[in-house]
Amino acid sequence: MSDAPLNALREAMKLEDLLAVSQEARKVLKANPNLGAGWGEVVALADNASDYLAAKRAAEQLTQALPNDPSSWIWLAETTAKCGDIEEAIKIIERLRAGSPEDPALMRRLGRLSLEAGLKDEAAQYFTQSIQYEFQSALAWEGLAEAKTFAAGDEQLMQLENLRISQTEKTPSNQRGIVSYALAKAYEDMGEYEVSARRVSEGAAFYRDSAPFDVARHEFGCNHLLRTYDESFVDINEEAGLVDPRPIFILGAPACGVTWLTQVLGAHEETARLDRRNGLFWLAASPLGDQTREDLHHVLVTNEEENALTRVGQAYMQLVDELNPQGYKRVIDSSSLGEMAAGAAGLALPAARFIRIKRDPRDAAWAIFKRRFRHGRNWSYHPDDIARVLVCHNKLMDRWAALFPDRYLTVNYEDLARRTEDEVRRIAFFAGVDGEAAVAASWTGEGLFKTDPVGVHQRAGSRYDLIEGALERAGLI
(Lines give C-alpha, C1' and ligand atoms only; values in the text may rest on other atoms or scores of the structure.)
Protein backbone atom coordinates (compact mmCIF):
# COMPACT_ATOMS: atom_id res chain seq x y z
CA MET A 1 0.00 0.00 0.00
CA SER A 2 1.29 3.48 -0.90
CA ASP A 3 1.53 6.00 1.95
CA ALA A 4 0.31 8.83 -0.30
CA PRO A 5 -3.40 8.68 0.68
CA LEU A 6 -2.48 9.10 4.35
CA ASN A 7 0.29 11.70 4.15
CA ALA A 8 -1.93 14.74 4.71
CA LEU A 9 -3.73 12.98 7.56
CA ARG A 10 -0.45 12.12 9.26
CA GLU A 11 0.86 15.66 8.80
CA ALA A 12 -2.27 17.09 10.44
CA MET A 13 -1.71 14.79 13.41
CA LYS A 14 1.92 15.91 13.70
CA LEU A 15 0.70 19.51 13.88
CA GLU A 16 -1.88 18.47 16.55
CA ASP A 17 -4.58 20.21 14.49
CA LEU A 18 -7.55 18.05 15.44
CA LEU A 19 -9.97 19.71 13.05
CA ALA A 20 -7.53 19.17 10.18
CA VAL A 21 -7.20 15.52 11.25
CA SER A 22 -10.99 15.19 11.05
CA GLN A 23 -11.14 16.89 7.67
CA GLU A 24 -8.31 14.81 6.21
CA ALA A 25 -9.80 11.58 7.55
CA ARG A 26 -13.06 12.41 5.82
CA LYS A 27 -11.22 13.13 2.59
CA VAL A 28 -9.66 9.68 2.77
CA LEU A 29 -13.09 8.15 3.39
CA LYS A 30 -14.54 10.00 0.41
CA ALA A 31 -11.67 8.95 -1.87
CA ASN A 32 -12.01 5.35 -0.61
CA PRO A 33 -8.51 4.15 -1.59
CA ASN A 34 -7.47 0.52 -1.25
CA LEU A 35 -5.79 0.84 2.16
CA GLY A 36 -6.24 -2.68 3.47
CA ALA A 37 -4.90 -2.75 7.04
CA GLY A 38 -4.11 0.95 6.64
CA TRP A 39 -7.73 1.71 7.49
CA GLY A 40 -6.76 0.91 11.07
CA GLU A 41 -4.54 3.98 11.12
CA VAL A 42 -7.41 6.13 9.85
CA VAL A 43 -9.63 4.76 12.61
CA ALA A 44 -7.04 5.46 15.28
CA LEU A 45 -6.29 9.02 14.14
CA ALA A 46 -9.95 9.98 13.70
CA ASP A 47 -10.76 8.49 17.09
CA ASN A 48 -7.86 10.35 18.68
CA ALA A 49 -9.26 13.59 17.22
CA SER A 50 -12.71 12.73 18.69
CA ASP A 51 -14.33 12.50 15.27
CA TYR A 52 -16.19 9.34 16.26
CA LEU A 53 -18.39 9.17 13.19
CA ALA A 54 -15.39 9.28 10.84
CA ALA A 55 -13.67 6.70 13.01
CA LYS A 56 -16.69 4.41 12.81
CA ARG A 57 -16.89 4.73 9.03
CA ALA A 58 -13.19 3.94 8.76
CA ALA A 59 -13.73 0.93 11.04
CA GLU A 60 -16.45 -0.29 8.68
CA GLN A 61 -13.93 -0.09 5.84
CA LEU A 62 -11.43 -1.98 7.99
CA THR A 63 -13.87 -4.83 8.59
CA GLN A 64 -14.42 -5.10 4.84
CA ALA A 65 -10.70 -5.15 4.19
CA LEU A 66 -9.89 -7.58 7.03
CA PRO A 67 -13.13 -9.42 7.83
CA ASN A 68 -11.31 -12.27 9.59
CA ASP A 69 -9.25 -10.05 11.87
CA PRO A 70 -10.95 -9.73 15.31
CA SER A 71 -9.30 -6.36 15.95
CA SER A 72 -11.23 -4.89 13.02
CA TRP A 73 -14.54 -5.76 14.67
CA ILE A 74 -13.32 -4.56 18.06
CA TRP A 75 -12.54 -1.19 16.51
CA LEU A 76 -16.01 -1.12 14.98
CA ALA A 77 -17.64 -1.95 18.32
CA GLU A 78 -15.67 0.72 20.16
CA THR A 79 -16.41 3.46 17.66
CA THR A 80 -20.06 2.41 17.44
CA ALA A 81 -20.33 2.75 21.22
CA LYS A 82 -18.74 6.19 21.11
CA CYS A 83 -21.33 7.21 18.53
CA GLY A 84 -23.96 6.36 21.13
CA ASP A 85 -25.23 2.98 19.93
CA ILE A 86 -24.22 0.72 22.83
CA GLU A 87 -26.77 -1.96 21.88
CA GLU A 88 -25.25 -2.39 18.42
CA ALA A 89 -21.74 -2.43 19.88
CA ILE A 90 -22.76 -5.30 22.17
CA LYS A 91 -24.16 -7.22 19.19
CA ILE A 92 -20.87 -6.81 17.31
CA ILE A 93 -18.84 -8.25 20.19
CA GLU A 94 -21.38 -11.05 20.73
CA ARG A 95 -21.01 -12.10 17.09
CA LEU A 96 -17.23 -12.00 17.48
CA ARG A 97 -17.42 -14.05 20.65
CA ALA A 98 -19.47 -16.73 18.88
CA GLY A 99 -16.22 -17.77 17.18
CA SER A 100 -14.16 -17.51 20.38
CA PRO A 101 -16.54 -18.36 23.24
CA GLU A 102 -13.73 -18.79 25.78
CA ASP A 103 -11.92 -15.51 25.08
CA PRO A 104 -11.77 -13.64 28.43
CA ALA A 105 -10.91 -10.33 26.75
CA LEU A 106 -14.15 -10.43 24.76
CA MET A 107 -16.05 -11.22 27.95
CA ARG A 108 -14.50 -8.15 29.58
CA ARG A 109 -15.50 -6.00 26.63
CA LEU A 110 -19.07 -7.25 26.87
CA GLY A 111 -19.01 -6.52 30.58
CA ARG A 112 -17.76 -2.98 30.04
CA LEU A 113 -20.33 -2.27 27.31
CA SER A 114 -23.09 -3.69 29.51
CA LEU A 115 -22.03 -1.31 32.28
CA GLU A 116 -22.24 1.60 29.85
CA ALA A 117 -25.75 0.45 28.96
CA GLY A 118 -26.70 0.32 32.65
CA LEU A 119 -27.05 -3.48 32.60
CA LYS A 120 -25.19 -4.27 35.81
CA ASP A 121 -26.42 -7.84 36.29
CA GLU A 122 -25.38 -8.81 32.77
CA ALA A 123 -22.05 -7.02 33.25
CA ALA A 124 -21.38 -8.93 36.47
CA GLN A 125 -21.98 -12.22 34.66
CA TYR A 126 -19.57 -11.34 31.87
CA PHE A 127 -16.83 -10.23 34.27
CA THR A 128 -17.32 -13.36 36.40
CA GLN A 129 -16.97 -15.54 33.30
CA SER A 130 -13.82 -13.67 32.31
CA ILE A 131 -12.33 -14.26 35.77
CA GLN A 132 -13.00 -17.98 35.48
CA TYR A 133 -10.71 -18.09 32.44
CA GLU A 134 -8.21 -15.45 33.56
CA PHE A 135 -8.17 -15.20 37.34
CA GLN A 136 -5.24 -12.74 37.42
CA SER A 137 -7.04 -10.12 35.28
CA ALA A 138 -7.15 -6.93 37.35
CA LEU A 139 -9.44 -5.28 34.79
CA ALA A 140 -11.99 -8.08 35.08
CA TRP A 141 -12.04 -7.74 38.87
CA GLU A 142 -12.35 -3.98 38.57
CA GLY A 143 -15.34 -4.37 36.26
CA LEU A 144 -16.96 -6.87 38.60
CA ALA A 145 -16.51 -4.47 41.53
CA GLU A 146 -18.31 -1.76 39.53
CA ALA A 147 -21.10 -4.10 38.50
CA LYS A 148 -22.08 -5.66 41.84
CA THR A 149 -22.65 -4.77 45.48
CA PHE A 150 -20.53 -6.88 47.81
CA ALA A 151 -21.78 -8.29 51.11
CA ALA A 152 -20.04 -9.82 54.10
CA GLY A 153 -18.91 -13.38 53.43
CA ASP A 154 -18.93 -12.90 49.66
CA GLU A 155 -16.85 -15.66 48.10
CA GLN A 156 -15.68 -13.37 45.30
CA LEU A 157 -14.37 -10.91 47.89
CA MET A 158 -12.23 -13.66 49.41
CA GLN A 159 -10.96 -14.55 45.94
CA LEU A 160 -10.06 -10.91 45.30
CA GLU A 161 -8.19 -10.73 48.60
CA ASN A 162 -6.30 -13.89 47.67
CA LEU A 163 -5.32 -12.24 44.39
CA ARG A 164 -3.98 -9.20 46.25
CA ILE A 165 -1.98 -11.36 48.62
CA SER A 166 -0.54 -13.45 45.78
CA GLN A 167 0.84 -10.41 43.96
CA THR A 168 4.57 -9.79 44.23
CA GLU A 169 7.02 -7.00 43.53
CA LYS A 170 7.24 -8.32 39.98
CA THR A 171 3.54 -7.60 39.45
CA PRO A 172 3.19 -4.28 37.53
CA SER A 173 2.32 -1.49 39.96
CA ASN A 174 -0.69 -0.38 37.94
CA GLN A 175 -2.14 -3.92 38.12
CA ARG A 176 -1.64 -3.95 41.88
CA GLY A 177 -3.29 -0.55 42.09
CA ILE A 178 -6.36 -1.68 40.14
CA VAL A 179 -6.85 -4.64 42.50
CA SER A 180 -6.54 -2.36 45.53
CA TYR A 181 -9.16 0.04 44.17
CA ALA A 182 -11.49 -2.87 43.41
CA LEU A 183 -11.13 -4.07 46.99
CA ALA A 184 -11.76 -0.54 48.28
CA LYS A 185 -15.09 -0.51 46.43
CA ALA A 186 -16.00 -3.93 47.84
CA TYR A 187 -15.29 -2.93 51.44
CA GLU A 188 -17.14 0.34 51.00
CA ASP A 189 -20.19 -1.65 49.85
CA MET A 190 -20.10 -3.49 53.17
CA GLY A 191 -19.65 -0.36 55.28
CA GLU A 192 -16.05 -1.28 56.18
CA TYR A 193 -14.91 2.26 55.55
CA GLU A 194 -11.61 2.18 57.41
CA VAL A 195 -10.48 -0.92 55.49
CA SER A 196 -11.74 0.63 52.26
CA ALA A 197 -9.78 3.83 52.90
CA ARG A 198 -6.65 1.78 53.55
CA ARG A 199 -7.04 0.04 50.20
CA VAL A 200 -7.63 3.41 48.49
CA SER A 201 -4.36 4.79 49.85
CA GLU A 202 -2.59 1.59 48.85
CA GLY A 203 -3.99 1.72 45.32
CA ALA A 204 -3.07 5.39 44.89
CA ALA A 205 0.50 4.68 46.03
CA PHE A 206 0.84 1.91 43.45
CA TYR A 207 -0.63 4.05 40.71
CA ARG A 208 1.55 7.09 41.32
CA ASP A 209 4.51 4.99 40.17
CA SER A 210 2.94 4.36 36.78
CA ALA A 211 0.89 7.52 36.19
CA PRO A 212 3.08 10.65 36.39
CA PHE A 213 1.37 14.04 36.10
CA ASP A 214 2.92 17.47 35.54
CA VAL A 215 0.67 19.61 37.74
CA ALA A 216 2.82 22.70 37.13
CA ARG A 217 2.18 22.43 33.41
CA HIS A 218 -1.55 22.13 34.07
CA GLU A 219 -1.44 25.28 36.21
CA PHE A 220 0.45 27.08 33.45
CA GLY A 221 -2.23 26.13 30.91
CA CYS A 222 -5.03 27.33 33.18
CA ASN A 223 -3.28 30.62 33.87
CA HIS A 224 -2.83 31.10 30.12
CA LEU A 225 -6.59 30.71 29.67
CA LEU A 226 -7.25 33.20 32.45
CA ARG A 227 -4.94 35.71 30.80
CA THR A 228 -6.54 35.16 27.39
CA TYR A 229 -10.18 35.29 28.49
CA ASP A 230 -9.88 38.20 30.92
CA GLU A 231 -12.45 40.63 32.31
CA SER A 232 -12.44 42.61 29.06
CA PHE A 233 -14.79 39.99 27.59
CA VAL A 234 -17.61 40.90 29.98
CA ASP A 235 -20.54 42.46 28.13
CA ILE A 236 -18.89 41.84 24.78
CA ASN A 237 -20.63 42.02 21.44
CA GLU A 238 -22.52 38.73 21.07
CA GLU A 239 -23.04 38.87 17.33
CA ALA A 240 -19.84 36.95 16.52
CA GLY A 241 -20.05 33.19 16.60
CA LEU A 242 -22.97 30.90 15.80
CA VAL A 243 -26.25 31.81 17.51
CA ASP A 244 -27.73 28.42 18.37
CA PRO A 245 -29.61 27.92 21.66
CA ARG A 246 -29.36 24.12 21.69
CA PRO A 247 -25.99 23.51 23.42
CA ILE A 248 -26.05 23.15 27.21
CA PHE A 249 -22.61 22.54 28.73
CA ILE A 250 -22.37 20.78 32.12
CA LEU A 251 -19.23 21.78 34.00
CA GLY A 252 -17.79 20.24 37.14
CA ALA A 253 -14.81 18.49 38.63
CA PRO A 254 -14.75 14.68 38.58
CA ALA A 255 -17.01 12.95 41.13
CA CYS A 256 -19.35 15.92 41.31
CA GLY A 257 -22.38 14.40 39.61
CA VAL A 258 -21.78 15.67 36.08
CA THR A 259 -22.55 12.33 34.41
CA TRP A 260 -25.67 11.90 36.53
CA LEU A 261 -27.01 15.37 35.69
CA THR A 262 -26.24 14.83 32.01
CA GLN A 263 -28.33 11.66 32.00
CA VAL A 264 -31.15 13.41 33.87
CA LEU A 265 -31.30 16.45 31.58
CA GLY A 266 -30.83 14.29 28.49
CA ALA A 267 -33.65 11.87 29.32
CA HIS A 268 -36.20 13.32 26.89
CA GLU A 269 -36.24 11.89 23.37
CA GLU A 270 -35.82 15.36 21.87
CA THR A 271 -32.62 15.97 23.81
CA ALA A 272 -29.24 14.79 22.55
CA ARG A 273 -26.60 13.75 25.06
CA LEU A 274 -22.82 13.79 24.73
CA ASP A 275 -21.02 11.79 27.40
CA ARG A 276 -18.09 12.78 29.58
CA ARG A 277 -15.44 11.30 27.32
CA ASN A 278 -16.46 13.24 24.18
CA GLY A 279 -14.14 15.89 22.79
CA LEU A 280 -16.29 17.35 20.01
CA PHE A 281 -15.97 20.98 21.01
CA TRP A 282 -12.25 20.59 21.64
CA LEU A 283 -11.99 19.20 18.10
CA ALA A 284 -14.00 22.05 16.58
CA ALA A 285 -12.11 24.72 18.51
CA SER A 286 -8.61 23.50 17.65
CA PRO A 287 -8.08 26.40 15.16
CA LEU A 288 -8.34 28.77 18.13
CA GLY A 289 -5.22 27.25 19.64
CA ASP A 290 -3.07 30.11 18.40
CA GLN A 291 -5.66 32.85 18.98
CA THR A 292 -4.57 35.51 21.45
CA ARG A 293 -6.72 37.80 23.54
CA GLU A 294 -6.21 40.50 20.91
CA ASP A 295 -7.16 38.15 18.07
CA LEU A 296 -10.41 37.26 19.78
CA HIS A 297 -11.25 40.90 20.44
CA HIS A 298 -10.60 41.71 16.79
CA VAL A 299 -13.09 39.06 15.71
CA LEU A 300 -15.69 40.33 18.17
CA VAL A 301 -15.28 43.96 17.13
CA THR A 302 -15.21 43.52 13.35
CA ASN A 303 -18.18 41.09 13.21
CA GLU A 304 -17.02 39.57 9.95
CA GLU A 305 -19.68 37.31 8.46
CA GLU A 306 -17.27 34.35 8.34
CA ASN A 307 -14.96 34.64 11.34
CA ALA A 308 -12.99 32.15 13.40
CA LEU A 309 -15.58 31.93 16.17
CA THR A 310 -18.45 31.36 13.75
CA ARG A 311 -16.50 28.59 12.06
CA VAL A 312 -15.85 26.93 15.42
CA GLY A 313 -19.54 27.04 16.28
CA GLN A 314 -20.52 25.68 12.88
CA ALA A 315 -17.97 22.87 13.03
CA TYR A 316 -19.14 21.83 16.50
CA MET A 317 -22.84 21.82 15.64
CA GLN A 318 -22.17 19.91 12.41
CA LEU A 319 -20.46 17.16 14.43
CA VAL A 320 -23.35 17.09 16.92
CA ASP A 321 -25.94 16.99 14.14
CA GLU A 322 -24.19 14.06 12.47
CA LEU A 323 -24.32 12.04 15.68
CA ASN A 324 -27.99 12.95 16.18
CA PRO A 325 -29.55 12.94 12.69
CA GLN A 326 -33.11 12.58 14.01
CA GLY A 327 -33.17 16.18 15.22
CA TYR A 328 -33.27 17.55 18.76
CA LYS A 329 -34.10 20.71 20.70
CA ARG A 330 -31.18 20.67 23.14
CA VAL A 331 -27.80 18.94 23.38
CA ILE A 332 -26.35 18.25 26.82
CA ASP A 333 -22.54 18.21 26.62
CA SER A 334 -20.59 17.04 29.66
CA SER A 335 -17.12 16.84 28.13
CA SER A 336 -14.37 16.33 30.70
CA LEU A 337 -12.53 19.14 28.89
CA GLY A 338 -15.41 21.52 29.54
CA GLU A 339 -13.74 23.70 32.14
CA MET A 340 -10.83 24.36 29.76
CA ALA A 341 -12.99 24.97 26.69
CA ALA A 342 -15.86 26.97 28.21
CA GLY A 343 -14.36 30.36 27.34
CA ALA A 344 -14.13 29.48 23.68
CA ALA A 345 -17.56 27.84 23.78
CA GLY A 346 -19.13 30.94 25.26
CA LEU A 347 -17.75 33.13 22.47
CA ALA A 348 -18.28 30.70 19.59
CA LEU A 349 -21.82 29.83 20.72
CA PRO A 350 -23.24 33.04 22.21
CA ALA A 351 -26.64 31.45 22.91
CA ALA A 352 -25.23 28.36 24.65
CA ARG A 353 -25.76 27.92 28.39
CA PHE A 354 -23.55 26.57 31.15
CA ILE A 355 -24.41 24.66 34.31
CA ARG A 356 -21.74 24.24 36.94
CA ILE A 357 -21.94 21.71 39.77
CA LYS A 358 -20.01 22.70 42.90
CA ARG A 359 -19.21 20.30 45.72
CA ASP A 360 -17.76 20.64 49.19
CA PRO A 361 -13.98 20.42 48.51
CA ARG A 362 -13.53 17.90 51.32
CA ASP A 363 -16.04 15.51 49.75
CA ALA A 364 -14.87 16.23 46.21
CA ALA A 365 -11.21 15.57 47.04
CA TRP A 366 -11.88 12.26 48.81
CA ALA A 367 -14.39 11.12 46.15
CA ILE A 368 -11.73 11.77 43.49
CA PHE A 369 -8.95 10.11 45.47
CA LYS A 370 -10.93 6.94 46.12
CA ARG A 371 -11.63 6.26 42.44
CA ARG A 372 -9.42 4.91 39.72
CA PHE A 373 -10.21 6.83 36.58
CA ARG A 374 -9.93 4.57 33.57
CA HIS A 375 -9.14 7.43 31.18
CA GLY A 376 -6.47 9.90 32.26
CA ARG A 377 -6.89 11.90 35.48
CA ASN A 378 -3.36 11.00 36.56
CA TRP A 379 -3.45 13.87 39.04
CA SER A 380 -6.05 11.98 41.10
CA TYR A 381 -3.54 9.76 42.91
CA HIS A 382 -1.82 12.43 45.01
CA PRO A 383 -3.64 14.70 47.52
CA ASP A 384 -1.59 17.79 46.67
CA ASP A 385 -2.13 17.31 42.93
CA ILE A 386 -5.87 16.97 43.55
CA ALA A 387 -5.95 20.16 45.61
CA ARG A 388 -3.94 22.17 43.07
CA VAL A 389 -6.09 20.99 40.16
CA LEU A 390 -9.26 21.86 42.11
CA VAL A 391 -7.88 25.37 42.67
CA CYS A 392 -7.34 25.75 38.92
CA HIS A 393 -10.82 24.39 38.27
CA ASN A 394 -12.41 26.90 40.63
CA LYS A 395 -10.54 29.83 39.11
CA LEU A 396 -11.69 28.88 35.62
CA MET A 397 -15.28 28.33 36.75
CA ASP A 398 -15.35 31.72 38.44
CA ARG A 399 -14.01 33.36 35.28
CA TRP A 400 -16.67 31.80 33.04
CA ALA A 401 -19.38 32.81 35.52
CA ALA A 402 -18.11 36.40 35.35
CA LEU A 403 -17.89 36.44 31.54
CA PHE A 404 -21.29 34.87 30.83
CA PRO A 405 -23.43 35.73 33.88
CA ASP A 406 -26.82 35.53 32.16
CA ARG A 407 -26.03 32.13 30.66
CA TYR A 408 -24.38 30.51 33.67
CA LEU A 409 -26.10 28.61 36.47
CA THR A 410 -24.30 27.28 39.55
CA VAL A 411 -25.83 24.39 41.50
CA ASN A 412 -24.57 22.60 44.59
CA TYR A 413 -24.09 18.85 44.82
CA GLU A 414 -25.44 19.03 48.36
CA ASP A 415 -28.67 20.68 47.19
CA LEU A 416 -29.07 18.07 44.46
CA ALA A 417 -28.76 15.34 47.07
CA ARG A 418 -31.13 16.91 49.62
CA ARG A 419 -33.75 18.52 47.34
CA THR A 420 -33.38 16.46 44.20
CA GLU A 421 -36.76 17.10 42.56
CA ASP A 422 -36.85 20.84 43.25
CA GLU A 423 -33.29 21.33 42.00
CA VAL A 424 -33.82 19.21 38.90
CA ARG A 425 -36.90 21.23 37.97
CA ARG A 426 -34.99 24.49 38.45
CA ILE A 427 -32.08 23.28 36.34
CA ALA A 428 -34.37 21.85 33.64
CA PHE A 429 -36.14 25.21 33.35
CA PHE A 430 -32.81 27.01 32.93
CA ALA A 431 -31.65 24.48 30.35
CA GLY A 432 -34.92 24.54 28.42
CA VAL A 433 -35.50 20.79 28.62
CA ASP A 434 -38.57 18.79 29.61
CA GLY A 435 -38.83 19.05 33.40
CA GLU A 436 -41.09 16.03 33.87
CA ALA A 437 -38.75 13.75 31.93
CA ALA A 438 -35.79 15.06 33.92
CA VAL A 439 -37.51 14.51 37.27
CA ALA A 440 -38.57 10.99 36.26
CA ALA A 441 -34.97 10.20 35.29
CA SER A 442 -33.72 11.57 38.61
CA TRP A 443 -35.95 9.12 40.51
CA THR A 444 -34.23 6.17 38.85
CA GLY A 445 -30.74 7.57 39.31
CA GLU A 446 -30.67 8.82 42.89
CA GLY A 447 -28.41 5.90 43.85
CA LEU A 448 -25.54 8.31 43.20
CA PHE A 449 -26.24 10.12 46.44
CA LYS A 450 -26.28 6.85 48.37
CA THR A 451 -23.00 5.52 47.02
CA ASP A 452 -21.37 8.97 47.02
CA PRO A 453 -23.26 10.88 49.72
CA VAL A 454 -22.86 14.31 51.23
CA GLY A 455 -20.16 13.99 53.90
CA VAL A 456 -18.41 11.10 52.15
CA HIS A 457 -15.02 12.38 53.35
CA GLN A 458 -15.95 11.19 56.83
CA ARG A 459 -15.60 7.63 55.56
CA ALA A 460 -11.89 8.22 55.00
CA GLY A 461 -11.13 7.98 58.72
CA SER A 462 -7.48 8.57 59.52
CA ARG A 463 -6.63 8.56 55.80
CA TYR A 464 -8.38 11.91 55.47
CA ASP A 465 -5.53 13.71 57.24
CA LEU A 466 -3.43 13.75 54.06
CA ILE A 467 -6.35 15.12 52.05
CA GLU A 468 -7.11 17.76 54.66
CA GLY A 469 -3.50 18.93 54.75
CA ALA A 470 -3.42 19.28 50.98
CA LEU A 471 -6.68 21.24 50.92
CA GLU A 472 -5.42 23.56 53.64
CA ARG A 473 -2.14 24.20 51.82
CA ALA A 474 -4.11 25.04 48.67
CA GLY A 475 -6.44 27.39 50.57
CA LEU A 476 -9.54 25.36 49.75
CA ILE A 477 -10.59 24.94 53.39
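Before reading on, note that the structure itself is shown above.
Residues numbered from 1 in each chain as written. Predicted model: local features only at pLDDT ≥ 70, side-chain atom pairs only at ≥ 80, totals over all residues. Heavy atoms only, no water.

Brief notes about the overall build of the protein chain
Of regular secondary structure, the protein chain possesses 25 helices and 5 strands. Since a compact globule built from 477 residues should have a radius of gyration of about 23 Å, the 23 Å found for the protein chain is in line with a globular shape. Counting only C-alpha atoms, the protein chain reaches 70 × 60 × 45 Å along its principal axes. Looking at the protein chain as a whole, 54% of its 477 residues are labelled buried. Sequence separation of at least 24 residues holds for 70% of the intrachain contacts in the protein chain that already meet a minimum separation of 6. For the protein chain, the computed accessible surface area is about 21500 Å², with 48% contributed by carbon and sulfur atoms. If you average the places of the 55 positive and of the 72 negative side-chain charges in the protein chain, the two averages end up 3 Å apart. (Helix = DSSP H or I, 4+ residues; strand = E, 2+ residues; numbered from the N terminus. Rg over C-alpha atoms; globule rule 2.2 N^0.38 Å. Buried < 20%, exposed > 50% of the residue type's maximum accessible area, 1.4 Å probe, protein only. Contact = heavy atoms within 4.5 Å. Areas by Shrake-Rupley, 256 points an atom, 1.4 Å probe, with all protein chains shown as cover. Lys, Arg positive; Asp, Glu negative; His and termini not counted. Charge placed at Lys NZ, Arg CZ, Asp CG, Glu CD.)

Some thoughts on the layout of surface pockets
The space that makes up the second largest pocket amounts to roughly 190 Å³. If you list the elements that add at least two residues to the lining of the second largest pocket, you get strand 4 (353–358), helix 19 (361–369) and helix 20 (383–403). Among the residues forming the lining of the second largest pocket, the class breakdown is 7 nonpolar, 3 polar and 3 charged. (1 Å grid on protein atoms, 1.4 Å probe; cavity = no way out; pocket = protein on both sides within 12 Å on 5 of 7 lines; lining within 4 Å. Points joined across faces, edges and corners; volume = space filled by probe spheres on them. Nonpolar A, V, L, I, M, F, W, Y, C, P; charged D, E, K, R; others polar.)

Quick look at unusual backbone geometry
Only a minority of non-glycine residues have a phi that is not negative, and only a minority of peptide bonds are not trans. Backbone geometry places Glu 16, a non-glycine residue, at a positive phi of 55°. Relative to the elements of secondary structure, Glu 16 occurs in the loop between helix 1 (4–14) and helix 2 (18–31). Residue Asn 32 is not a glycine yet carries a positive backbone phi of 55°. Assignment of secondary structure puts Asn 32 in the loop between helix 2 and helix 3 (39–48).

A word on the environment of Leu 280
Along the chain, the position of Leu 280 falls in helix 15 (residues 280–284). Spatially, the C-alpha atoms of Leu 280 and Glu 102 are 37 Å apart, while their sequence positions differ by 178 residues. Those residues within four positions of Leu 280 in sequence are excluded, and the remaining contacts are Ser 50, Tyr 52, Leu 274, Tyr 316, Leu 319, Val 320 and Leu 323.

Points about the packing of aromatic side chains
All chains considered together, the criterion is met by 13 aromatic pairs. Here the aromatic cluster, defined as three or more aromatic residues joined through ring pairs, consists of Phe 249, Phe 281, Tyr 316, Phe 354 and Phe 404. One cation-aromatic arrangement involves Lys 148 over Phe 150; the distance from NZ or CZ to the ring centre is 4.6 Å. Arg 227 extends its terminal NZ or CZ atom over the ring of Phe 220, reaching a point 5.9 Å from the ring centre. (Phe/Tyr/Trp six-rings, centres within 6.5 Å; stacked < 30°, edge-to-face > 60°. Lys NZ or Arg CZ within 6 Å of the ring centre and 35° of its normal.)

Observations regarding the side chain of Ser 380
Mapped onto the elements of the fold, Ser 380 is located in the loop between helix 19 and helix 20. Overall, the relative accessible area of 0% leaves Ser 380 in the buried class. At a separation of 2.7 Å, a polar atom in the side chain of Ser 380 contacts the main-chain carbonyl oxygen of Arg 377. In contact with Ser 380, other than residues within four places in its own chain, are Ile 368, Phe 369, Arg 371, Phe 373 and Ile 386. (Polar contact = N/O pair within 3.5 Å; in protein donor to acceptor, adjacent residues only side chain to side chain.)

A few points about helix 23 (residues 435–444)
Of the residues making up helix 23, those classed as buried are Ala 438, Val 439, Ala 441 and Ser 442. Here the buried residues of helix 23 occupy an arc of 160° about the axis, which is enough to place them on one side. Residues of helix 23 that are exposed and angled more than 90 degrees away from the buried face: Glu 436, Trp 443 and Thr 444. Where the residues of helix 23 are buried, they touch helix 14 (258–265) and helix 22 (420–431). Regarding helix 23, its N-cap is Asp 434, as a side-chain oxygen of that residue lies 3.1 Å from the backbone nitrogen of Glu 436 further along. (Arc of directions from axis to C-beta.)

As for the sheet that holds strand 2 (residues 271–274)
Whether parallel or antiparallel, the strands of a sheet pair through hydrogen bonds between backbone atoms. Spatial ordering of the open sheet is given by 2-3-1-4-5, a layout of 5 strands whose pairing is parallel. Looking at which strands have only one partner, the edges of the open sheet turn out to be strand 2 and strand 5 (408–412). Pairs of neighbouring strands in the sheet enclose a mean axial angle of 20°, with direction left out of account. Looking at chain direction, strand 1 (residues 247–251) and strand 3 (residues 330–333) are connected through 3 bridges and run parallel. Across the sheet, Ile 248 pairs through a bridge with Ile 332, a residue of strand 3. Contacts between helix 20 and the sheet are confined to strand 1, strand 4 and strand 5, with strand 4 contributing the most and set at about 145° to the helix. Strands in contact with helix 22 are strand 1, strand 3, strand 4 and strand 5; relative to strand 5, the strand with the most contacts, it is inclined by about 165°. (Pairing = 2+ DSSP bridges. Axes fitted to C-alpha atoms, helices over the stretch in contact; angles between N-to-C directions.)

With respect to the pattern of salt bridges
A full pass over the atoms with the stated rule returns 35 salt bridges. The structure contains a network of salt bridges with shared partners spanning Glu 161, Arg 164, Arg 199 and Glu 202. (Salt bridge = Lys/Arg side-chain N within 4 Å of Asp/Glu carboxyl O.)

A look at the nonpolar core
Membership of the largest hydrophobic core comes to 88 residues, with the highest contact counts inside it found for Val 42, Phe 249, Phe 281, Leu 309, Tyr 316, Leu 347 and Trp 400. When residues of this core are assigned to their parent elements, the largest contribution, 9 residues, is made by helix 17 (residues 308–323). Residues in contact with Leu 309, not counting those within four places in the same chain, are Ala 240, Gly 241, Leu 288, Leu 296, Val 299, Leu 300, Leu 347 and Ala 348. (Core = buried A, V, L, I, M, F, W, Y, C linked by side-chain atoms within 4.5 Å.)

Structural notes on the environment of Pro 245
You can see Pro 245 is positioned in the loop between helix 13 (215–228) and strand 1. Expressed as a C-alpha distance, the spacing of Pro 245 and Pro 350, which sit 105 residues apart in the sequence, is 8.2 Å. With residues near it in sequence (within four places) discarded, Pro 245 still touches Arg 330 and Ala 351.

Overview of the pairing of strand 4
As paired strands, strand 1 and strand 4 are joined by 4 bridges and run parallel to one another. If you follow Phe 249 over to strand 4, its bridge partner there is Phe 354. Bridge analysis of strand 4 against strand 5 gives 5 bridges, and the strand direction is parallel. Bridge assignment links Arg 356 to a residue of strand 5, and that residue is Thr 410.

Re empty space enclosed by the protein
Applying the stated criterion to the full structure yields 2 cavities of 30 Å³ or more. Going through the elements one at a time, strand 1, helix 15 and helix 18 (338–348) are the ones with two or more residues in the lining of the largest cavity. A total of 4 residues in the lining of the largest cavity trace back to one element, the largest contributor, which is helix 18. Grouping the constituent residues of the lining of the largest cavity by class yields 10 nonpolar, 4 polar and 1 charged.

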